[in-house]
Structures are given as C-alpha cells and as structure tokens.
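Here is what each chain is made of, one letter per residue.
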Amino acid sequence: MMARFRVNSDGWCDGVVRLPSPNFDVRPADTKIDLLVIHNISLPPGQFGGNHIADLFTNQLDCDAHPYFNQLRGLKVSAHFLVRRDGKVLQFVSANDRAWHAGVSSYCGRERCNDFSIGIELEGTDFEPFASNQYDALIALTHALRSRYPLTDVVGHEHIAPGRKTDPGPFFDWMRYRLALQG
Ligand SMILES: [Zn+2]
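All residue numbers refer to position in the chain's written sequence, counted from 1. Since the coordinates come from a predicted model, pLDDT governs what is reported: local features require at least 70, and pairs of side-chain atoms require 80 or more to be given and counted, while whole-chain, interface and lining totals use all residues. Heavy atoms from the whole structure form the basis of all side-chain values; hydrogens and water molecules are not counted.

Summary: where empty space remains is shown by rolling a probe the size of a single water molecule over the atoms. Throughout, the protein atoms alone are placed on a 1 Å grid, and a set of points is a cavity if a 1.4 Å probe fits but cannot get out or a pocket if it is open with protein on both sides within 12 Å along at least five of seven lines; lining residues have an atom within 4 Å of a point. Grid points are joined across faces, edges and corners, and a volume is the space filled by probe spheres set on the points. Enumeration over the complete set of coordinates arrives at one cavity of 30 Å³ or more. In terms of lining, the largest cavity is formed by G50, N51, I53, A54, L82, R84, L90 and E123. Three classes are used: nonpolar for Ala, Val, Leu, Ile, Met, Phe, Trp, Tyr, Cys and Pro, charged for Asp, Glu, Lys and Arg, and polar for all others, with Gly counted as polar. Looking at the lining of the largest cavity residue by residue, the classes come out as four nonpolar, two polar and two charged.

Given below as structure tokens:
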C-alpha cells in the first residue's frame with residue numbers, strides 16, 4: 001500500500017494541501033529536529049469548519065469577522081501542519097524551517113522549542129474528543145515525519161508551556177496515539 005504522506009527533502013509533504021505562510025524563519029544552524037509538538041486550535045473557539053485557522057496562519061484573517069478575532073489582530077503565528085476534523089491535512093511551513101507555534105517553551109531544559117520541533121495543530125478544543133479521521137491522519141503524518149527527521153519524542157503544547165497553554169488538552173487520547181505509533 002502506498003503511504004498516505006511522504007515528506008520530501010525540502011520539508012514539504014506530499015498528500016497534503018500546501019498553503020505557504022510568511023510566518024517562519026530558518027532554524028539555528030545544525031539543529032537536530034527531534035521533537036513533535038501537538039496543539040489544538042479552533043476559530044472562533046469551539047467552532048469547526050471554515051478557513052479562519054488557515055487565514056490566521058497566512059496573515060489573512062479578517063479580524064472584524066468575529067469579536068474573538070479582535071485579540072488576534074497583528075498576531076504572527078503558524079504551525080507546520082493543521083489536521084482538520086475530516087482528517088484533511090494542510091501544511092503552512094516546510095518542516096525544515098522554524099514555524100512559530102510554541103512560543104515561550106521548554107523541553108527537558110531546552111528553551112525555545114520552535115527551534116527544534118515540528119508543530120502539528122489539530123482542529124479542536126480542550127473540551128471535546130477529536131475525530132477518528134484526525135487520529136488516522138496524525139498517525140500517518142507522524143510516521144512520514146519520522147522517516148525524514150530524527151524525532152525522539154512527542155509532547156503537547158501544554159507540556160512545554162505549562163501554566164500558559166492547555167492544548168491539546170484532556171480529550172487528546174495519548175494512549176491511542178502512542179499505541180498506534182508502535183503498531
Ligand atoms: Zn498550542
């Protein structure tokens with residue numbers, strides 16, 4: 001069976017929709033990309049569908065479209081990938097480059113996790129389960145990324161920015177994800 005995703009040497013993935021974001025820069029020289037960071041996002045919070053997340057990551061969000069968006073005005077953020085509720089995957093930044101997803105963060109004493117991590121957003125919230133299609137896509141994507149990068153761990157944003165971030169939250173099924181990765 002042909003793999004669903006394949007990450008090319010340029011850091012862009014086959015099998016996904018590419019929506020290049022200007023919100024990235026180069027990683028520090030000789031950085032080993034060894035960490036995967038899982039997030040959740042929905043815009044407005046708790047509402048799924050639409051293009052608001054992709055618009056945010058490409059600096060095209062109409063901040064007048066919803067009262068919540070007011071606080072996002074001028075924000076420059078991105079993730080490498082977004083997994084939508086139906087399992088469709090969007091890519092905004094080459095995994096070779098540094099996306100702006102983690103913010104102030106620390107992993108095992110190493111600060112600035114953006115430097116050495118790949119960020120995957122799941123369309124979702126802290127308050128309800130993620131979709132089966134999202135787990136399937138996330139697992140396939142993780143396998144593809146592992147084939148290209150020396151990833152040694154997967155963490156949630158909440159684990160590298162405790163007290164500041166809560167995603168992917170209590171409804172992300174780490175057991176399901178980790179077991180599937182082993183299988
Ligand atoms: Zn996050």
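On we go.
Turning next to the layout of surface pockets. What the largest pocket holds in volume is close to 620 Å³. Along its surface, the largest pocket is lined by 30 residues, and N40, I41, Y68, K165 and D167 are the ones closest to its centre. Only runs of H or I of at least four residues qualify as helices and only runs of E of at least two qualify as strands under DSSP, and these elements are numbered from the N terminus. Ranked by residue count, the leading element in the lining of the largest pocket is strand β5 (residues 35-41), at three residues. Looking at the lining of the largest pocket, its residues break down into 13 nonpolar, twelve polar and five charged.

Of all the seven residues making up β5, seven are buried; the element is thus mostly covered by neighbouring parts of the structure. Each residue gets one of three labels from its accessible area relative to the maximum for its type: buried under 20%, exposed over 50%, partly exposed in between, using a 1.4 Å probe on protein chains only. Across the two faces of β5 the burial is the same, with L35, V37, H39 and I41 and L36, I38 and N40 all buried. DSSP bridges decide pairing: two strands pair if at least two such bridges lie between them. The sheet contact formed by β5 and strand β11 (residues 117-123) spans seven bridges and is parallel. Within β11, the position partnered with N40 by the bridge is L122.

Looking now at the environment of S147. Locating S147 in the fold gives a position in helix α2 (residues 132-148). Remark: the alpha-carbon pair of S147 and R6, spanning 141 residues in sequence, is separated by 8.5 Å. Within 3.5 Å is the distance limit for a polar contact, defined as a pair of N or O atoms, with the added protein rule that one can donate a hydrogen and the other accept it, and that residues adjacent in sequence qualify only through two side-chain atoms. Among the polar contacts made by the side chain of S147, one reaches the main-chain carbonyl oxygen of H143 at a distance of 3.0 Å.

Take the side chain of S78 next. With respect to the element layout, S78 can be found in the loop between α1 (52-57) and β6 (81-83). Residue class for S78 comes out buried when judged on its relative accessible area of 1%. In what follows, a contact means two residues having at least one pair of non-hydrogen atoms within 4.5 Å. Once residues within four sequence positions are removed from consideration, S78 is found in contact with S21, N23, F57, V93, A99, W100 and H101.

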